[in-house]
Amino acid sequence: MKYQNIFLAVGIVGMMFLCGCGESNLADDADKDSTTPQSEVANPSDRNENSVSNVEQTSSENESEAVNYEVVSETYSNGKINIEYPQIKGLNTNEEKNVNKSIKDLIYNQESYEDFDPENENVDEKFEIKSKNKDFVSILAKGYSYREGGAHPYNYVKTYNIDLSKGSLKRLVDTGKTSEYAARIANGTGFKIKGEDSLKQEFKDDGVDYPEGFDLLYRKGYLGKTQDEIKKMLDNYDVDVNNPNSISQGYSYYENGKTVISIEVIHALGDYFEIVFD
């Protein structure tokens, strides 16, 4: 990536939150397994209705539990569009059926979007499991989209945070912590930009100092957005299955017991950043 015009880009970048959970934290119960096979196993027995609380606390305990479900890959193909999406297998419960239907509906409902054009839209999307236990799975999907005649491809992420005990997809607002996260972002504390060291090295390799203004842009208020405005964005993170055609402000997932969110940036900077809350 070349940064000769980076200061201009930083000056004009318009921040929004990408696409790409009460006080209970969805990340608190997921273990710290960050492997990425297309099929993973976890446990349906002794299901806990409060499984999505305390995600940041447990890992080793969950790893020792018996496992008996899989996350398998299925693919939606239409024209030049290929989307790999997860399905739960092995539970044989209504919760499994509900989750699988919700995910499939989200994938296939993309055809209802007004600008959806499978003949001229090139899309390739694959997923990886970021954390899992017997009751909760957090999945990150990464893809790119390129429309014929467009200036460049667009990189994006989206997520599926699955509560297996209730058969539902969870959103960031379900943590009850969007106010806390908004305050951290507005104050520039309590989070890190994922891969920031590599980004700084790219600047260095191109002979450009990592600008203080660039750093402040992402750590101090997002070009003047207030804490309340940031909270409203976070409240609209992740797909609302009750309104599948709504546009999410961004996406969240859980990895190594921490909450990660994606933030959209200009294409020159990679289309999105991920920030990790401490």
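In what follows, the structure referred to is the one given above.
Residues numbered from 1 in each chain as written. Predicted model: local features only at pLDDT ≥ 70, side-chain atom pairs only at ≥ 80, totals over all residues. Heavy atoms only, no water.

**Student:** What is the right way to look at the pattern of salt bridges in this model?
**Tutor:** Note on pairing: side chains with opposite charge can pair once their charged atoms come close. All told, the structure shown has 11 salt bridges when counted by the stated rule. We note a salt bridge from Glu74 to Lys89, for which the minimum N-O separation is 3.8 Å. Here the residue Glu74 occupies a position in strand 3 (residues 69-78), and Lys89 occupies one in strand 4 (residues 81-89), the gap between them amounting to 15 residues. Between Glu255 and Lys194 there is a salt bridge, with the nearest N and O atoms lying 2.6 Å from each other. Here the residue Glu255 occupies a position in strand 10 (residues 252-255), and Lys194 occupies one in the loop between strand 9 (191-193) and helix 5 (196-205), the gap between them amounting to 61 residues. On the accessibility criterion, Lys194 (34% relative accessible area) is partly exposed. Each member of the salt-bridge network shares a partner with another, and the members are Glu128, Lys130, Lys194 and Glu255. (Salt bridge = Lys/Arg side-chain N within 4 Å of Asp/Glu carboxyl O. Helix = DSSP H or I, 4+ residues; strand = E, 2+ residues; numbered from the N terminus. Buried < 20%, exposed > 50% of the residue type's maximum accessible area, 1.4 Å probe, protein only.)

**Student:** Quick question: what am I supposed to make of helix 4 (residues 178-187) here?
**Tutor:** Counting along an α-helix, one turn takes 3.6 residues, and residues three or four places apart therefore face a common direction. Among all positions of helix 4, only Thr178, Tyr181, Ala182, Ala183, Arg184 and Ile185 are buried. Looking one or two residues past helix 4, Gly188 carries a phi angle of roughly 70°, positive in sign.

**Student:** Explanation requested: the pairing of strand 5 (residues 121-132) in the structure shown.
**Tutor:** Two faces make up the sheet, and in a regular strand the side chains alternate between them. A large share of strand 5 lies buried, amounting to 9 of its 12 residues. Here strand 4 pairs with strand 5 via 3 bridges, running parallel. Its bridge partner being in strand 5, Ile81 is matched across the sheet by Val123. In this structure, strand 5 lies alongside strand 6 (residues 136-147), joined through 11 bridges in antiparallel fashion. (Pairing = 2+ DSSP bridges.)

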